[in-house]
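Letter by letter, the chains look like this.
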Amino acid sequence: MFAPAIAFVDLETTGATASADRITEVGIVRVDDAVGVSEWSSLVDPERSIPPAIQALTGITNAMVAGAPTFGQIAEQVAERIAGCVFVAHNARFDYGFLKHEFARLGRAFTAKVLCTVRLSRRLYPDAGRHNLDAVIQRHRLAADDRHRALGDARILWSFVQALYRDRPTEEIESAIARILRTPSLPPQLPANALATIPEAPGVYRFYGLNPLPLYIGKSINLRERIASHFSSDYLSANDLRLSAEITRIEIEETAGELGALLRESQLIKTLLPVYNHHLRRRSGMVALALAHEPAPPDYVNSSSIDPAALDGLYGPFASRSKARATLRELAANARLCWSALGLERRNGPCFARQVRRCAGVCVGAESREVHAARLRDALSPYALRRWPYPGMIAVREADITGERSDVHVFRDWCWLGTARDDAALQAIVDVPPRGEFDLDIYRLLVKQLPRLSVIPLTS
Ligand SMILES: [Zn+2]
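Residues numbered from 1 in each chain as written. Predicted model: local features only at pLDDT ≥ 70, side-chain atom pairs only at ≥ 80, totals over all residues. Heavy atoms only, no water.

(A) Molecular detail of the side chain of His372. Note on placement: His372 falls in helix α15 (residues 369–380). The class of His372 is buried, set by a relative accessible area of 3%. (Helix = DSSP H or I, 4+ residues; strand = E, 2+ residues; numbered from the N terminus. Buried < 20%, exposed > 50% of the residue type's maximum accessible area, 1.4 Å probe, protein only.)

(B) Inspection of the pairing of strand β4 (residues 86–89) at higher detail. Side chains of β4 alternate between two faces, with Val86 and Val88 and Phe87 and Ala89 buried alike. Taken together, β4, helix α4 (residues 92–105) and strand β5 (residues 113–116) constitute a β-α-β crossover, and its handedness is right-handed. (Right-handed = clockwise from strand over helix to strand, strands pointing away.)

(C) Spatial organisation of the sheet that holds strand β9 (residues 287–290). Sheet architecture is open: three strands sit in the order β10-β9-β11, paired in antiparallel fashion. At either margin of the open sheet sits one strand with a lone partner, and together these are β10 (299–302) and β11 (314–318). Looking at each pair of strands side by side, their axes are set apart by 30° on average, direction ignored. (Pairing = 2+ DSSP bridges. Axes fitted to C-alpha atoms, helices over the stretch in contact; angles between N-to-C directions.)

(D) Spotlight on the coordination of the zinc ion. At the metal site, the zinc ion is ligated by Cys338 (SG), Cys351 (SG), Cys359 (SG) and Cys363 (SG), and these contacts range over 2.3 to 2.4 Å. Read in sequence order, the donor residues for the zinc ion give the motif C-x12-C-x7-C-x3-C. A residue pair is termed long-range when its members are at least 10 positions apart, and Cys338 in the loop between α13 (321–335) and α14 (352–355) and Cys351 in the loop between α13 and α14 qualify at 13 residues. Cys338 sits in the buried class, given a relative accessible area of 0%. When its relative accessible area of 0% is taken as the criterion, Cys351 is described as buried. (Donors = N, O, S within 2.8 Å, 3.2 Å for Na, K, Ca; no water.)

(E) Examining the environment of Val275 more closely. Along the chain, the position of Val275 falls in helix α12 (residues 275–280). Judged by its relative accessible area of 40%, Val275 falls in the partly exposed class. When the C-alpha atoms of Val275 and Asp312 are compared, they prove to be 35 Å apart, with 37 residues separating the residues in sequence. For Val275, the residues in contact, after removing those within four places along its chain, are Pro214 and Leu215. (Contact = heavy atoms within 4.5 Å.)

(F) The arrangement of the packing of helix α6 (residues 133–140) against helix α7 (residues 150–167) in detail. One can describe the packing of α6 onto α7 by two numbers: an axis separation of 10 Å at closest approach and a directional angle of 45°. Here α6 lies oblique to α7, going by the angle between them. Between α6 and α7 the crossing geometry is left-handed. Two secondary-structure elements touch here, α6 through Leu133, Val136, Ile137 and His140 and α7 through Asp153, Ile156, Leu157, Phe160, Ala163, Leu164 and Asp167. Among the residues forming the contact of α6 with α7, the class breakdown is eight nonpolar, one polar and two charged. (Parallel < 35°, antiparallel > 145°, perpendicular 65-115°, else oblique. Left-handed = near helix turned anticlockwise from the far one by under 90°. Nonpolar A, V, L, I, M, F, W, Y, C, P; charged D, E, K, R; others polar.)

(G) Highlighting the pairing of β5. As paired elements, β4 and β5 share four bridges and run parallel to each other. Its bridge partner lying in β5, Ala89 is registered against Cys116.

(H) Expanded view of the sheet that holds strand β7 (residues 214–220). Strand order across the open sheet formed by three strands is β7-β6-β8, with antiparallel pairing between neighbours. Every interior strand has two partners, whereas the edge strands, β7 and β8 (249–254), have only one. The sheet shows a mean angle of 20° between the axes of neighbouring strands, direction not considered. Judged from the six bridges that link them, strand β6 (residues 203–208) and β7 form a sheet pairing that is antiparallel. When the sheet's bridge partners are listed, Val204 is paired in β7 with Lys219. This element, helix α11 (residues 258–272), spans β6, β7 and β8 of the sheet and lies at about 165° to β7.

(I) Quick peek at the state of the cysteines. Going through the model one piece at a time under the given rule, you end up with zero disulfides. A disulfide-free cysteine, Cys116 has its sulfur positioned 17 Å from the sulfur of Cys85, the nearest such atom. With relative accessibility at 7%, the residue Cys116 sits in the buried group. (Disulfide = S-S within 2.5 Å.)

Interpretation note: all reported values are geometric properties and have no functional meaning in isolation.
Given below as structure tokens:
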């Protein structure tokens, strides 16, 4: 067998979402080379009502779980029964994710080596159309008592694995298992080789569900690694869990380097507005501080309201408003600035910092507003947005590590005007440069990367 011990696990739940739904029943069949087979199951009080459709499917009713222990009361037994085992389940991401969340609610970590029997079936029977539990039962003529109850389904998985060993050579099964354990698990509705076809190169990727518009767009300097990380981390975020459930295909576009990937990602997100990028609101969150109305408190401005020809008096970029506020609080503490004058609080009379003797006192008239404004400008000066350091347009050549591919990006005033693959395309951009839009993300990356890239000033 493929491990000292295996735990075949099945759960019944109140619904499909690990972060929001709860477990109603746990069934574990533990197969231990030394000790033999032991079965265990328990109903679980989900501490909420079970939807009628789910009650009908599993046969587990609100009345049945009313007197059952809560997950907290059986957590220790569950952990002990799975300890040291390979965790085997059908669509294991589901069961593993639910246990992770239940343990997390108790403040406990839960990890196990996971083997998904959907993936195992898919690998050993690649021509079979379906791999859900009913299809597996039918294909291998497995006895299926107590279908849809936790212990019943866990027993079916154990008989499935036994059937495999009758049906196939041991080496074949074990090499299939070894490969599944080694490769990060993808959502089962994606083809098993989906990751293998993705290059370890920079670029952008798009996740699609059933609709023609992408669910999510991302970028990376290593596409395969980044895409795998959405699905294979021990503890998936709520966003990644929902993506896992909805994704049906992946598309990628290679770029020569990180800059090209960021430019393309930003363009695609702006034009296609994928729903999960919107949830994350990563990009739109970036802000700068503007001292346009001194001595009034600084304004928070986002990329779209910044004129690249007028960057004086702008500071940042900050990843979010709250990051900008945190920086202001830090500057206030170091330079005895006033929380009221910085807009960090609204109140009359002495500000919070003044009350703990950390404000020089503009809020109580102990310092003039003009002097305070000058001190704020001084404290912010390390964050001042830089002026465009070239007379006009520049071309930035970005080559990939093989040298086979190079992209030429054109910028002016920190704005991206386009990317060319050949001289004709470059000339077209230079002849009729589009009006670029200022983007704090692109600004930040250019400030960081320009010293390392080959920059060609363009005269036109
Ligand atoms: Zn004050």
